[in-house]
Amino acid sequence: MMYFLARLLAVARSMTPGSVLCVVLMTVAVATDRLRRSPFSWKTGVWGVCVAEECGSSGLQLRSVWCAHTEGWSTHQSSCSLRQRPAQQRTCVKVCEWQQQLFEWHLSPWGVCAPSPAPRPSDGCVTAQRGIQRRSVTCARRSNGTSVSLQACEAFAPLPELEQACLLPCPLDCVVSAFSHWSPCSRTCGPALQQRMRQVLAPPLYGGAECPSLTQTRPCSQDSSDSALCTSDQQEYSYSLWAGPWSECRRKGTVPTGRTTVDFNGGLTGQKTLKPSHAVKGHSEIIHFQHHNHDHHRNPRASWDLLIGYQTRQLRCTRSDGKNAMLSLCDHHNTPVNFRSCVMPKDCEVSDWSAWSSCSKTCRTSDQLPGFRHKKRYMKQAPIGEGKKCPSLEEVETCHTMEDLLPLCPRYDWKVTSWGPCQVRPLLSQQDHRHGNSSILCGGGIQTRDAYCVRTTGNATKSHVSRPVGPSLCTGLLPPLTQPCSIPCSKPCHLSPWSPWGPCLLDYSPEHHHQKSERGFKLRMRFIVEDTWGESETCPQATEEMTCDDPISFLWRVTSRGPCVPSEGPCGRGSQEQSGECVAVTGETVPRGRCPGDPPPSRQPCEVPCPGDCVLEGKGCLPTPVLEQWKPCSIRPCLLYYWDTSPWGPCTPDPNAHRNGSAQEEAEGRTCGTGVQTRQVICRRVGHGQAESKRCPDSTHPNHIRFCALKCKVDCTVTPFTEWSPCPTSCSPTNATTSMQSRHRIVIQRPANGGQECPATLFEERECNPRPLCPTYRWQTHSWHHCILVPDSVRQAVGGPTEACGVGLETRAVTCVGADGAPADLAGCLLWAGAMPRRVRQCRVVCRDDCAFSSWTRFSRCQGCGSWRVRTRSLLGRSKKHHHCQQEALVEKEACPCFEYQARPHGPWSQCLLHPLHQHAGYAPMQRGQHQNQGVTLGWQAKAQDKDCGQGRRYRALACLDHQGHLFEPAMCNNSGIEEEVCLVPCPLDCRLSEWSAWSPCSAPCGGGVKMRSRWLREKPFNGGRPCPKLDFKNQVSEVVPCYSACDRYVWEAEPWSTCTINPTPTLSTSATLIQRTCGDGVQTRKIRCVRKKDERVVDDSLCGQDEQPITTQICLLPCPFHCITSEWSQWSECPVGCNEREMRWRNKTVLRTPGEGHTCPELNQTQSCASTTCLSHSYAFSDWSSCQLSDHALCGQGTKTRLLNCIRSDGKLVELSRCKEWGPSRGRLSAPCEVSCPVDCLLTDWSPWSECSHTCGVQSKMTHSRMVLQQAAEGGRPCPSQLSQARACPIRPCFSWALGEWSSCIVEGAHCGEGVRERNLSCVVHWGSASGLPLPKAVHEDQCTASGLSKAMEAELWQPCSIPCPGDCHLTEWSPWSTCQLLCLDGRGFETQGHQARSRAVAIQVPENTDSCPSQVYETRMCRGGTCLSYEWVTGGWEDNERAVWCRRSDGINVTGGCLPQNRPPTVRHCHPACTKPFSFCTRSGVCVCERGYTEVMTSHGFLDYCTKTPGADHKKADVKSVEGRPRPGHMQNQSGIGGWALQPVGPDGRVRLWVYGLMALGFLTVLLIITMSFLLCKNPKDSQNACSTQKTLTFAYDGDADM
């Protein structure tokens, strides 16, 4: 074959051009015949079952084969090519049952439901229609999922169904807009057309009716004879040069097509069928392909060599009526160009596919979603010219669809560390004075812990510590990280008062045991009421010792004495009996022999005093020396000794083997064993230092050792180190910093009780392994080659100029080199060196008639930044006379280079930042050694040390600009791109209250009351400080505790009453005149005061009972003459003992002077029940609970509330508690535990590390960090701040991008109309990012985009084909705007997430002769978001001659065609049967003839309109029942006035009564009565006649609503 092609090429070279053309034409004819296809083709059926003797053996499969026409009908097999007949049988292997598990059917998801081709039902669609869904099927191996032939699965299972029925919404017809206005006439003389157009608003969906014609035309004049004739000075036709599309780019040696020919026959459509020489073109490609393959192994750049070819096109001159004309008739200045140079197209080349990546799903999850894997390939050569575009460079497919074979995915849960120590200090307010000494704080507090994420496994034990992983893997709720806690408050020791000194006891110490000593000691003691607890000091000594003289151990004690019996008489001296016993000094009875001396005598002298005897005072008393007895005291000083103890030491293991049994058993209740505590016991002397141990009694010696429970040692527990953080996998750029990786571990349990300490290293960091350096490639450009023009033979063949000049193409070589300058594969530069430089450009070879210019002069000198420089050139020779040369630019201007830059602030200041003081753009987010990524929180202690206020810094971005406002890198302005300044974050101020006031006096003077203290508001909270507690209306908060006051300590003391003062009486004449009286009613006053009983000192009146306060004023009476005078009331009589409510007591007055005439005496006797004095009872009553009392060192937590026990008398008065002793002790509690809620401030995590800049360039780039709320504020704690995230701007760097310009208008080079191109420019622009309100992008040199690695747009994106219609051509208009986004809705509710839009191109007809050659109208649709529901309804106009207009209107007010249901269309013409031919009648919408307003229908017996009669009495309000208005007509008014002239009036115009009128009325009445009587007699039914009056003619009345009918 290769030899034949070589010989054919040699023969072709030796032939003349004419011979070559003939060969080419013959070859094309042969190729065309071969390409013809027959309308018949072979069809095959499904393979049958494999028929064989046994499974595993070979057999045969059969199928049917027939010949079918393309229309679907079968024919004889001779109509199809027998050589192409498919096989009717094939060998097969009968499969066994076990082989059925090898393959399976893989079904794709069902496709979109499409309308069924079945005909629509005649009654139309109501809600839905039938549709069909299709799917594809493949056969795959069960083991690996690879696809195999369908025959493998067909052997085991039948082919699954590929179609299924589905439901679709009802068909939606195409909706188009209303027609536009008629266009002007296409020409001013001769035959012309007008047209109007409309656009597609909604495409047909679900099998709806297609769109109607979008164009309507009409002649400018209905009568052709009236068309205006063109005058002699007007041309009837115009001529335009039409250019066809450019042919494919071909190399020299192929026959050009495109020589301009003239066709004088009408109806040329402008599309000529070209028959290129396929044989020659294929021959050239085959040779080049072999050369390409040969060079591919020798030089990788061979496939990138550019080849320059040529293109041709057709030109013709068209007349305005669409017919062709001679080229000379077309007005053109230069010779039309129908050839040009071009770049031979090359298809895109890609590499081989990479291996499939691992499946994204490696384990079984609950979502049942498959995994994905992908493979990639890269572009080795970009398409050149019109070469094929690159195929997809990445493929993705599902994997692991059978999840049952996958292991379960690991589960991740939160783990927590142990709770930290309980702390009270975080709960204190800012003004609390206890901040300085937090060691004394106690009560309620808060403790925290940390949380970390671990991977849970099924075989993990309880003691197993898992390795921490990233917190993002845990999706469950975060466990609580804070909880309230309590620190026990210390309580001082509460002791009873000292007891009296005991007797002087003998000292039995060893030093005094063998010697007689008269020295002894006395003891006094006190007991511990409430022992200390917490961290308080131990209780002081409970016993004290004092030395004494004459110590005794046993003594005689008199136990009883009898009465004194005088010896003589009733008084005087006598004797009495007595008995005694021997007791120890401690009080115990001992044998009588132990007491020294004689026992007390059995009889003892005594004396009974006589009257007149001196009783220690008065006369006759004994002399003073007899009454006194003196004894000298000891001269030794009074020394007090006691045992002093130190605090107990720590609990240590007991070194002794033998222990106290009971104490040991009690202590060993703990799991960590028993230990001992020791303390020092020293004898001390009061007021002095240490004394000898013998000075203190051994009987009160405290223990110096005791058993205790040993606390268990708690070792530090840490998690294993996390995995090393991943190192970057990409290659490393040149001069890049070394990457680091780290790992950490978390402290779960802090050491306690002497346990093992935590390791010193919790965070480790190391350098990553060196990454491979990124390949360094660059494009190397070479010099441009000479300009290549279209070959001379081609120009001559198409009738072009013979001079080799004009526009051509020039190329240059572009190679890829590595870092060392050595040639490299071009694929490397495509990946790493950015866009490939331009390799071809237009050039021009000067022609003889071209404009000649001188060389450009040098640019003028620049005057500074912002100035311009220019250069000039001039025309030479004959070019100065040519007009088109004078239009060329002779001056060029460009901006002078400027290197002055200025930094300008851009954007607002950031928030005032505290923590990132030493961080800048791209800075390490955290110092090494910090607890980085240890968990959700940092330590509570570290958190407490952070400050959220104070001095910080705020930042603002700086933009570096040149004099033209272009954005540059910040380094050009010698700054970092960030401006910063000092700022201040205001600190939150908590609510500040005053100190507690002093306690108020007890509210009750007797018994239980309350006392209170208050603190008031001084400063309100500010800037998120802790809020104030609940205050009263005085802005105070109070604390109330119960108190007790002893009764009867204070009494009222009253002075005597003053004299009775008589009030003067005013006279009747004037109130100013007073009469001084000497008798009658008066007033007495006295003073009272509250005194203390103990010393009768006057105190405040509030201490005495207010209900017992004596009166200070009373009415008195100074008897006048004739008045009755009585004595004062006597004392109340005595009540009998006991409570008897029936008993009474009384008092009276005596009459001192009887009254005169007309006067009586007042009441002289009074009685009172004795129950008020003798029947008073007493009972216990508790006061209200006090507020919860805490320790002075506690802020919240557990406390105590108290109440008092009072004794209340039955009249409600508080009395002494002793009055209620008869009821025994009370059983109620006087104290109870309580709790004060702790104020919990908002707890936040630490600020996260600063993120990287969000954008690599532009003004929208910023860094952020955030924190989370771990604990919301509670119980009046400091609320959470609103600022949980902070942001700061990054340096503003310029953004470079390729910008596509707007499309130009359609340009047909060298012609007036025809096929052309639209172009747009691609330029490199610098901009500020995508934010609005910024300067517009500005063009810069394209090297800026190339240096940034941006890929340049393809050539196909810079131009697109278009066409300009010639005058008279029938063409398509431009695309209409996209219609409104419309959703598919039902009852006003949409059930689609995306809507539909449409646009269309209508057909524009210019001359009637070209109507048959018009193209078809087109429309296109697209999906859209944010659509609305639109409805359609029929709208009707008014009736006119039984006709009206009916159109469809959309809900947005636009009149449309389509959309409304045709079956609901209102009628446009009214039809009645029979027709409404009666005068004043018309046909209604329902097809009934009725009369017009003002006329009444008179119907026939068959119900049809007979005639219309004028309605009488139209002025009456009920005259016309069909008229809503009821207005009288003028004609009726005139008729009424005419009747009034002859109407019967009972009174004449002169006012006289007309008697004849009344007579006529009486006659009429009698006539009516006679008619009624006669009618009754005539119509009466006789017995022998039935229904005599039944045969009557039907009478039809037409009632029009008049009352007179």
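What counts, and at which threshold
Residues numbered from 1 in each chain as written. Predicted model: local features only at pLDDT ≥ 70, side-chain atom pairs only at ≥ 80, totals over all residues. Heavy atoms only, no water. Helix = DSSP H or I, 4+ residues; strand = E, 2+ residues; numbered from the N terminus. Polar contact = N/O pair within 3.5 Å; in protein donor to acceptor, adjacent residues only side chain to side chain. Contact = heavy atoms within 4.5 Å. Pairing = 2+ DSSP bridges. Axes fitted to C-alpha atoms, helices over the stretch in contact; angles between N-to-C directions. Salt bridge = Lys/Arg side-chain N within 4 Å of Asp/Glu carboxyl O. Buried < 20%, exposed > 50% of the residue type's maximum accessible area, 1.4 Å probe, protein only. Disulfide = S-S within 2.5 Å.

Engineer: Even after reading the chapter, I still don't get the side chain of Arg1450, so can you show me in this structure?
Structural biologist: Mapped onto the elements of the fold, Arg1450 is located in strand β92 (residues 1446-1450). Within the structure, Arg1450 has its side chain in polar contact with the side chain of Asp1452 (distance 2.8 Å). When sequence neighbours within four positions are dropped, the list of residues in contact with Arg1450 reads Leu201, Thr1380, Gln1382, Leu1430, Ser1431, Tyr1432 and Val1456.

Engineer: Help me understand the environment of Asp173, please; the structure alone is not making it clear to me.
Structural biologist: Within the secondary structure, Asp173 sits in the loop between β11 (163-169) and β12 (175-177). With 1288 residues separating them along the chain, Asp173 and Leu1461 place their C-alpha atoms 9.5 Å apart. Beyond its immediate sequence surroundings of up to four residues, Asp173 is in contact with Ala202, Pro203, Pro204, Gly208 and Ala209. Among the polar contacts listed, one links the side chain of Asp173 to the backbone nitrogen of Ala209, at a separation of 2.8 Å.

Engineer: It is not clear to me how the sheet that holds β12 should be interpreted in this structure. Could you clarify?
Structural biologist: Backbone hydrogen bonds are what pair the strands of a sheet, in a parallel or an antiparallel way. Reading across from one edge, β14-β12-β93-β92-β91 is the order of the 5 strands in this open sheet, with antiparallel pairing throughout. Across the chains shown, the open sheet's two edge strands, defined by having one partner strand only, are β14 (200-202) and β91 (1432-1436). Direction aside, neighbouring strands of the sheet carry axes that sit 50° apart on average.

Engineer: What's the story with the pattern of salt bridges in this structure? I'm lost.
Structural biologist: For side chains bearing opposite charge, pairing can occur when the charged atoms are close. Under the criterion given, the structure shown has 28 salt bridges. Note that Arg373 is salt-bridged to Glu397, the shortest N-O span being 2.5 Å. Taken together, the positions of Arg373 in strand β22 (residues 371-376) and Glu397 in strand β24 (residues 394-399) put the pair 24 residues apart, joining distant regions of the chain. For Glu397, a relative accessible area of 28% translates into the label partly exposed. Across the pair Arg411 and Asp413 runs a salt bridge, and its minimum N-O distance is 2.6 Å. Under the relative-accessibility criterion, Asp413 is labelled partly exposed at 25%. Where salt bridges share partners, they join Glu1053, Glu1055 and Arg1089 into one cluster.

Engineer: I keep staring at the state of the cysteines and nothing clicks. Help me out?
Structural biologist: Disulfides are covalent bonds that link the sulfur atoms of two cysteine residues. Counted by the stated rule, this structure contains 48 disulfides. Paired by a disulfide, Cys727 and Cys768 hold their sulfur atoms 1.9 Å apart. One quick way to see it: the torsion about the S-S bond of Cys727 and Cys768 is about -90°, and its sign makes the bridge left-handed. One end of the pair, Cys727, is in the loop between β44 (717-718) and β45 (740-744); the other, Cys768, is in the loop between β47 (763-767) and β48 (778-784), and 41 residues separate them in sequence. On the basis of relative accessible area, Cys768 is assigned to the buried category, the value being 8%.

Engineer: Can you help me understand the sheet that holds strand β81 (residues 1313-1319) in this one?
Structural biologist: Pairing within the open sheet is mixed, and its 5 strands lie in the order β19-β18-β16-β81-β84. Here the strands that pair on one side only, and so sit at the sheet edges, are β19 (324-325) and β84 (1359-1364). Across 2 bridges, the pairing between strand β16 (residues 239-243) and β81 is parallel. When the sheet's bridge partners are listed, Trp242 is paired in β81 with Cys1313.

Keep in mind these values describe shape, not function.
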